[in-house]
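Structure assessment
What follows is each chain in one-letter form.
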Amino acid sequence: MIRVTLPFHLRNLAKVGKEIQLELDSPVTQQAILDKLEEMYPVLRGTIRDHHTHKRRDFIRFFAAGQDWSHAAPYTPLPETIANGTEPFRIIGAMAGG
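Here is a short report on the structure shown in this document.

Calculation criteria
- Residues numbered from 1 in each chain as written.
- Predicted model: local features only at pLDDT ≥ 70, side-chain atom pairs only at ≥ 80, totals over all residues.
- Heavy atoms only, no water.
- Pairing = 2+ DSSP bridges.
- Helix = DSSP H or I, 4+ residues; strand = E, 2+ residues; numbered from the N terminus.
- Salt bridge = Lys/Arg side-chain N within 4 Å of Asp/Glu carboxyl O.
- Buried < 20%, exposed > 50% of the residue type's maximum accessible area, 1.4 Å probe, protein only.
- Contact = heavy atoms within 4.5 Å.

Alignment of strand β1 (residues 2-5) against strand β5 (residues 89-93), held across 2 bridges, turns out to be parallel. Bridging across to β5, Val-4 finds its partner in Phe-89. Sheet analysis places strand β3 (residues 60-64) next to β5, joined by 4 bridges and oriented antiparallel. When the sheet's bridge partners are listed, Arg-61 is paired in β5 with Ile-92.

Throughout the structure, instances matching the rule amount to 6 salt bridges. The partner of Arg-3 in a salt bridge is Glu-19, and the shortest N-O contact between them spans 2.9 Å. Taken together, the residues Arg-3 in strand β1 and Glu-19 in strand β2 (residues 19-22) connect sequence positions 16 residues apart. Measuring nitrogen to oxygen at the nearest pair gives 2.3 Å for the salt bridge that ties Asp-68 to Arg-61. The class of Asp-68 is partly exposed, set by a relative accessible area of 37%. Of the residues examined, Arg-61 reaches a relative accessible area of 24% and is grouped as partly exposed.

Our next topic: the pairing of β2. Covered by surrounding structure in β2 are Ile-20 and Leu-22 only, the residues Glu-19 and Gln-21 on the alternate face being uncovered. Pairing between β1 and β2: 4 bridges, direction antiparallel. Following the sheet pairing, Thr-5 is matched in β2 by Glu-19.

Positionally, Gln-31 belongs in helix α2 (residues 30-40). For Gln-31, a relative accessible area of 11% puts it in the buried group. With sequence-adjacent residues up to four places away left out, Gln-31 is seen in contact with Arg-49, Pro-74 and Tyr-75.

So, in structure tokens, the structure goes:
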């Protein structure tokens, strides 16, 4: 079971708690997690990734096992701690401003 955490605004939009649990087959990748998340919660389509290109939206970051995976290839397998549910895959709303 994969654990995913969402930022506050996306939790409110999807009407879910802080953590979502997903069932995925191996390999566990960003692409697989985001595809399943959007399948289960269609209201999230286009909020994390662009509708057409599926590229990560600006000001959204991905973290796995204490590392920033925002710029990793979407099909790169994530760490075992994510795949086995020990740690959550974190989707974070980045901060900006001055």
